[in-house]
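Read off the chains here:
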Amino acid sequence: MWRLGIAEAMAYRAALLIWILTTTFPLVSLALWHSLAAAGPIGDYGRADFIAYFVAAFLIRQMTASWVVWDLASQIGSGDLSVLLMRPVHPLLHHLMSNLAALPVRLLLAAPLGVIVLIFAGELALEPGLHLLLAPVAVVLAWLLNLSVQICVACLAFWLTSSTYLFELWLGLYMVLSGYAVPTSLFPAGLAAIVRYLPFHAALGFPVELTIGRLSGPELATGFALQLLWLAVFGALALWLWRRGLRAYGAVGA
């Protein structure tokens, strides 16, 4: 399944590149905030801090993204899921491996763009430390969280004509509340305190801030605890919806 996923990613590398170019919003935000910070720091972010944050946000977005919601929902609606159900491998494992295998190819296509931005920006606030050893763990948990959420939404296709529209709502909230467009620490104090406990921040903002070394010990513990909590919630919900959905599955169109 890993080799098949790699082969598919390489076969559709042009499509992957186009998808990557449509997720460069953090780099657009970088241009805006970098200019605004020319007159002085904004909150606790200077120009170099914005560079580190948004380049990390762009790259981590590539490493934590998934498309299982569209593939699985389509298979449920068309009846193609029946083919996967007859294989001696769990269908969700098939989708997990397919998404996982594409990550190296996606990162290989995205990394040069991040390097180009760093070269032209000319300054970077990023120091080595323990946070760089913990960052891969946070990225893996964020990827699993995003995958679990998408499986939850895709499984609604067992009962709904189209569930992907609901994911568009989730994606809109994700772009606003995850730190994708603006660091959540720059939100108004009361709102920031709430947003940083939501699954959106656990899926992007936390691993980004961890990667660039902006979190202390208690903040690290809280961030990982929230990631595990939300992963447990959406993971359990995904499995429950899957099992319930299979009872209602009629293989329409198969």
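The structure contained in this document is the topic of the report that follows. Keep in mind that this is a model prediction, so the values were computed, not measured. (Residues numbered from 1 in each chain as written. Predicted model: local features only at pLDDT ≥ 70, side-chain atom pairs only at ≥ 80, totals over all residues. Heavy atoms only, no water.)

1. Some remarks on empty space enclosed by the protein
And then number 1: Applying the stated criterion across every chain, the model contains one cavity of 30 Å³ or more.
And then number 2: Counted as a void, the largest cavity has a volume near 40 Å³.
And then number 3: The wall of the largest cavity is formed by Met1, Leu4, Gly5, Glu8, His94 and Ser98.
And then number 4: Of all the secondary structure elements, the ones that give two or more residues to the lining of the largest cavity are α1 (2–11) and α7 (91–121).
And then number 5: Broken down by element, the residue count for the lining of the largest cavity peaks at three residues, all from α1. (1 Å grid on protein atoms, 1.4 Å probe; cavity = no way out; pocket = protein on both sides within 12 Å on 5 of 7 lines; lining within 4 Å. Points joined across faces, edges and corners; volume = space filled by probe spheres on them. Helix = DSSP H or I, 4+ residues; strand = E, 2+ residues; numbered from the N terminus.)

2. Examining the side chain of Asn99
And then number 1: Mapped onto the elements of the fold, Asn99 is located in helix α7.
And then number 2: At 2.7 Å, the side chain of Asn99 and the side chain of Ser66 are in polar contact.
And then number 3: Ignoring any residue separated from it by four or fewer positions in sequence, one finds Asn99 in contact with Ser66, Trp67, Val68, Trp143 and Leu147. (Polar contact = N/O pair within 3.5 Å; in protein donor to acceptor, adjacent residues only side chain to side chain. Contact = heavy atoms within 4.5 Å.)

3. Things to note about the nonpolar core
And then number 1: Among the nonpolar cores identified, the biggest contains 54 residues, and Leu72 and Leu81 are the most heavily contacted of them.
And then number 2: Ranked by residues supplied to this core, first place goes to helix α8 (residues 130–155) with 10 residues.
And then number 3: Here Leu81 is in contact with Leu72, Gln75, Ile76, Pro91, Phe158, Trp242, Leu246 and Tyr249, once residues within four sequence places are set aside.
And then number 4: Grouped together as the second largest cluster of nonpolar side chains are nine residues, Phe206, Leu210, Leu220 and Phe224 included. (Core = buried A, V, L, I, M, F, W, Y, C linked by side-chain atoms within 4.5 Å. Buried < 20%, exposed > 50% of the residue type's maximum accessible area, 1.4 Å probe, protein only.)

4. Observations concerning the packing of helix α5 (residues 68–78) against helix α9 (residues 164–177)
To describe two helices that pack against each other, one gives the angle between their axes and the distance between the axes.
And then number 1: One way to put it is that α5 packs onto α9 with a least axis distance of 10 Å and a crossing angle of 165 degrees. As judged from the angle between their axes, α5 and α9 are roughly antiparallel. Between α5 and α9 lies a crossing whose hand is right-handed. In this structure, α5 contributes Val69, Trp70 and Ala73 to the contact, and α9 contributes Thr164, Phe167 and Glu168. (Axes fitted to C-alpha atoms, helices over the stretch in contact; angles between N-to-C directions. Parallel < 35°, antiparallel > 145°, perpendicular 65-115°, else oblique. Left-handed = near helix turned anticlockwise from the far one by under 90°.)

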